[in-house]
Amino acid sequence: MTSSTPSRGAAMWALLSLALGSFGIGMTEFVSMGLLPGIARDLLSDAWTTGQEGAIAQAGLLISVYALGVVIGAPLIAGYAARFARHRVLIVLASGLLLGNLLTVLAPTFETVAVARLIAGLPHGAYFGIAAIVAADLLGPGKRAQGVSIVMSGLTVANVVGVPVGTWLGQLAGWRVAYGVVVGLFALAAVMIALVVPASPGDGSRSLRHELGVFRLGQVWLTLGIGAIGFGSFFAIYSYISPLMTEVAGAPEWTVPIVLVSTGLGMTVGNLVGGVVADRNLPRALVVAFVLLAIGSAVVGVAAANPVTLVGAMFLFGAISALAGPAVQTRLMDVSGDRPTIAAALNHSGMNVGNSLGAALGGAVIALGWGYVAPAWLGIVLAVLGVGIVMTSLAVERRAVVLAA
């Protein structure tokens with residue numbers, strides 16, 4: 001059986017096994033946000049004693065370091081792996097994610113944890129990129145974005161279940177326990193992929209040099225910019241959701257998993273809707289999603305003073321942020337020519353530049369003394385810039401069509 005000929009039932013099992021790996025990635029990436037205070041207390045005790053805001057902002061660098069690993073690893077690993085059978089590469093990548101998170105559990109200092117987070121981020125983008133190509137093949141023409149959205153649903157469901165549970169476990173038994181759970185998830189994902197994902201051959205004629213030629217395409221850079229700048233809006237706010245809930249809204253620490261569940265539910269809804277919308281009208285989906293993201297950032301800023309309204313606002317914000325995910329992923333595959341594997345992986349480089357940029361800028365405005373609500377106002381700016389890049393990309397594309405005609 002090949003990836004183009006499975007029954008619908010077999011295809012769904014394969015998609016769910018890939019989504020399990022996405023679930024593990026979502027948990028390891030986003031659980032850090034809810035655990036920042038505990039990590040800062042444990043690994044940055046001197047800075048914590050001096051000032052909690054500064055210690056939390058410094059701990060936020062772990063989010064940026066993980067994102068840097070994604071940015072570096074996605075093009076290099078996906079480009080090199082394009083020649084190999086995709087289902088086997090996915091098993092190796094799931095095992096690499098397991099190793100990076102195991103090192104996170106065992107690392108004794110802030111510096112060694114930072115190195116472990118960098119290693120854990122390296123396979124992230126390549127996993128999603130190759131899984132997206134396999135998913136698009138499984139569901140066939142006309143349902144490509146929906147296949148991508150099913151794989152991505154593991155990421156969003158992680159924010160409903162994995163991140164809140166991991167945050168709760170981290171608060172109860174220590175932050176390392178949360179990453180230990182992630183290790184077990186990747187072990188299970190590797191086994192499931194080996195058992196149920198159909199054979200999907202690579203292209204032996206591909207080379208890393210050929211695949212890296214994707215960087216010569218202007219539309220690829222513009223689409224990466226959409227993720228890098230536009231999604232920075234989401235990460236600027238979400239990276240500091242824990243202090244936003246406890247310090248601004250005045251809620252106790254045990255309520256942080258509640259706001260994480262709310263955000264994850266919104267992301268799950270937005271991701272599934274985004275797949276359908278992107279299949280119908282991809283350009284319109286991109287424009288509308290980032291306009292709504294700017295509005296959602298403003299809503300979070302206004303609602304932050306009350307825990308109930310903040311929970312509701314984060315549901316809305318999560319839904320809007322995930323709406324654009326399948327559209328950006330599909331857009332990259334469309335503009336990449338004959339290099340869809342590396343382009344699909346690069347989507348997560350772009351998103352994690354947004355992760356790193358959003359976390360770093362969010363931490364900067366907090367460190368400047370502007371307060372924990374400041375990242376919401378920053379989010380408006382980043383989302384509006386994302387809209388501008390979308391409009392530029394579409395205008396360049398229309399001009400190219402006119403000139404060709």
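Residues numbered from 1 in each chain as written. Predicted model: local features only at pLDDT ≥ 70, side-chain atom pairs only at ≥ 80, totals over all residues. Heavy atoms only, no water.

Trainee: I'd like a description of the side chain of Thr 263, backed by residues and values.
Mentor: Locating Thr 263 in the fold gives a position in helix 14 (residues 256-280). Judged by relative accessible area, which is 0%, Thr 263 ranks as buried. Reaching out from Thr 263, the side chain makes a polar contact with the backbone oxygen of Val 259 at a distance of 2.8 Å. Non-local contacts of Thr 263, meaning those with residues more than four positions away in its chain, are made with Phe 234, Tyr 238, Met 314, Phe 315 and Gly 318. (Helix = DSSP H or I, 4+ residues; strand = E, 2+ residues; numbered from the N terminus. Buried < 20%, exposed > 50% of the residue type's maximum accessible area, 1.4 Å probe, protein only. Polar contact = N/O pair within 3.5 Å; in protein donor to acceptor, adjacent residues only side chain to side chain. Contact = heavy atoms within 4.5 Å.)

Trainee: Please provide a residue-by-residue account of the packing of aromatic side chains, values included.
Mentor: One pass over the structure, following the stated rule, counts eleven aromatic pairs. Each ring, one from Phe 30 and one from Phe 234, has its centre 6.3 Å from the other, and the planes form 90°; the classification is edge-to-face. Pair noted here: Phe 30 is in helix 1 (residues 8-43) and Phe 234 is in helix 12 (residues 232-238), with a separation of 204 residues, a long-range link. For the pair formed by Phe 30 and Phe 234, the shared burial category is buried. Aromatic pair Phe 215 and Trp 221: ring centres 5.5 Å apart, planes at 45°, arrangement tilted. Judged by relative accessible area, Phe 215 falls into the partly exposed class, the value being 28%. Assessed through its relative accessible area of 49%, Trp 221 is described here as partly exposed. Taken together, the ring pairs connect Phe 30, Phe 234, Phe 235, Tyr 238 and Phe 317 into an aromatic cluster. (Phe/Tyr/Trp six-rings, centres within 6.5 Å; stacked < 30°, edge-to-face > 60°.)

Trainee: Give me the lowdown on empty space enclosed by the protein, citing residues and values where you can.
Mentor: One pass over the structure, following the stated rule, counts three cavities of 30 Å³ or more. Lining the largest cavity are 13 residues, and of these Leu 155, Met 267, Ser 321, Ala 322 and Met 351 lie nearest its centre. The set of elements that each furnish at least two residues to the lining of the largest cavity consists of helix 8 (144-173), helix 12, helix 14 and helix 16 (307-323). Among the elements that line the lining of the largest cavity, the one with the most residues is helix 8, at three residues. Taken together, the residues of the lining of the largest cavity break down into nine nonpolar, four polar and no charged. Size it by volume and the second largest cavity reaches roughly 50 Å³. Lining the second largest cavity, in full, are Glu 29, Phe 30, His 124, Phe 128, Leu 155, Phe 235, His 348, Met 351 and Asn 352. Elements represented by at least two residues in the lining of the second largest cavity include exactly helix 1, helix 7 (124-139) and helix 18 (340-370). No other element matches helix 18, which puts three residues into the lining of the second largest cavity. In the lining of the second largest cavity, the residues fall into five nonpolar, three polar and one charged. (1 Å grid on protein atoms, 1.4 Å probe; cavity = no way out; pocket = protein on both sides within 12 Å on 5 of 7 lines; lining within 4 Å. Points joined across faces, edges and corners; volume = space filled by probe spheres on them. Nonpolar A, V, L, I, M, F, W, Y, C, P; charged D, E, K, R; others polar.)

Trainee: Help me get a handle on the packing of helix 15 (residues 282-303) against helix 19 (residues 374-404), residues and values and all.
Mentor: Interhelical geometry of helix 15 versus helix 19 gives an angle of 170° and a closest axis separation of 8 Å. As judged from the angle between their axes, helix 15 and helix 19 are roughly antiparallel. Contacts from Pro 283, Leu 286, Val 287, Phe 290, Val 291, Leu 293, Ala 294, Ser 297, Ala 298, Gly 301 and Val 302 of helix 15 reach helix 19 at Ala 376, Trp 377, Gly 379, Ile 380, Ala 383, Val 384, Val 387, Val 390, Met 391 and Leu 394. When its residues are assigned to classes, the contact of helix 15 with helix 19 shows 18 nonpolar, three polar and no charged. (Axes fitted to C-alpha atoms, helices over the stretch in contact; angles between N-to-C directions. Parallel < 35°, antiparallel > 145°, perpendicular 65-115°, else oblique.)

Trainee: A description of the packing of helix 4 (residues 61-81) against helix 18 should follow, citing residues and the corresponding values.
Mentor: At a minimum axis distance of 8 Å, the contact between helix 4 and helix 18 shows a crossing angle of 165°. Considering their axes alone, helix 4 and helix 18 lie roughly antiparallel with respect to each other. Between helix 4 and helix 18 the crossing geometry is left-handed. Within the contact between the two elements, helix 4 uses Ile 63, Ser 64, Tyr 66, Ala 67, Val 70, Val 71, Ala 74, Pro 75, Ala 78 and Gly 79 and helix 18 uses Thr 341, Ile 342, Ala 345, Leu 346, His 348, Ser 349, Asn 352, Val 353, Asn 355, Ser 356, Ala 359 and Ala 360. Split by residue class, the contact of helix 4 with helix 18 holds 14 nonpolar, eight polar and no charged. (Left-handed = near helix turned anticlockwise from the far one by under 90°.)

All quantities given are derived from atomic positions and should not be read as evidence of function.
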